[in-house]
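Tertiary structure, described
If you want the building blocks of each chain, they are given just below.
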Amino acid sequence: FSKQWYQRRVRAEILLLYTNGRWSPPKGGKEAGESVMENALRETYEETALTPDDFAIIEGYQYHLQYTNSIIKETSITFFLAKIKDSNQQIMISHEHSRYKWMELSEALLSRNHAPSHDEYVKLYENVFTDIAKLST
């Protein structure tokens, strides 16, 4: 009796948007009365034209990023893990951004354009890609 094991290979990438000399995931300020999830969905739509029909939120995966910068001072951001349903899905960026790119971990880490919070984004990306690897095995 023999078994053959197949490892499913998944190309793990995150969507990053470019603005003001920096790459970052879709994000933005929370409006009055919005939940964290409502804020994430609204900002994702406003910045990429992706709707909840275009992706599936993976329950139980949230990433909190907190840092201090010279403009806003204390900043707290919550990111969610989602899987795009159609890898050919059109992304239409907002006027706030000049371009977008799907990046693998190595490229996201090399972009190094996250000042003043570079170290926090490195940890975020490493955690996201670790979780994606766990989910794809």
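Residues numbered from 1 in each chain as written. Predicted model: local features only at pLDDT ≥ 70, side-chain atom pairs only at ≥ 80, totals over all residues. Heavy atoms only, no water.

Another aspect to go through is the pattern of salt bridges. Oppositely charged side chains can form a pair if their charged atoms are brought close together. By the definition in use, this model includes six salt bridges. A salt bridge links Glu-43 to Arg-42, with the nearest nitrogen and oxygen atoms 3.0 Å apart. Looking at Glu-43, the relative accessible area reads 8%, which means it is buried. Classification of Arg-42 as buried rests on a relative accessible area of 16%. The residue Glu-107 makes a salt bridge to Lys-101 at a minimum N-O spacing of 2.4 Å. (Salt bridge = Lys/Arg side-chain N within 4 Å of Asp/Glu carboxyl O. Buried < 20%, exposed > 50% of the residue type's maximum accessible area, 1.4 Å probe, protein only.)

Time to look at the packing of aromatic side chains. According to the stated counting rule, one finds one aromatic pair in the structure shown. We note Arg-99 situated over the ring of Tyr-18; from NZ or CZ to the ring centre the distance is 4.0 Å. (Phe/Tyr/Trp six-rings, centres within 6.5 Å; stacked < 30°, edge-to-face > 60°. Lys NZ or Arg CZ within 6 Å of the ring centre and 35° of its normal.)

With that settled, consider the sheet that holds strand S5 (residues 99-103). Sheets are built from strands paired through backbone hydrogen bonds, the pairs being either parallel or antiparallel. Reading across from one edge, S2-S1-S5 is the order of the three strands in this open sheet, with antiparallel pairing throughout. Each edge of the sheet is formed by a strand with only one pairing partner; in this case those strands are strand S2 (22-24) and S5. The sheet shows a mean angle of 30° between the axes of neighbouring strands, direction not considered. With three bridges connecting them, strand S1 (residues 14-19) and S2 associate as antiparallel partners. By the bridge assignment for S2, Tyr-18 is matched with Trp-23. Contacts between helix H3 (residues 118-135) and the sheet are confined to S1, S2 and S5, with S1 contributing the most and set at about 155° to the helix. (Pairing = 2+ DSSP bridges. Helix = DSSP H or I, 4+ residues; strand = E, 2+ residues; numbered from the N terminus. Axes fitted to C-alpha atoms, helices over the stretch in contact; angles between N-to-C directions. Contact = heavy atoms within 4.5 Å.)

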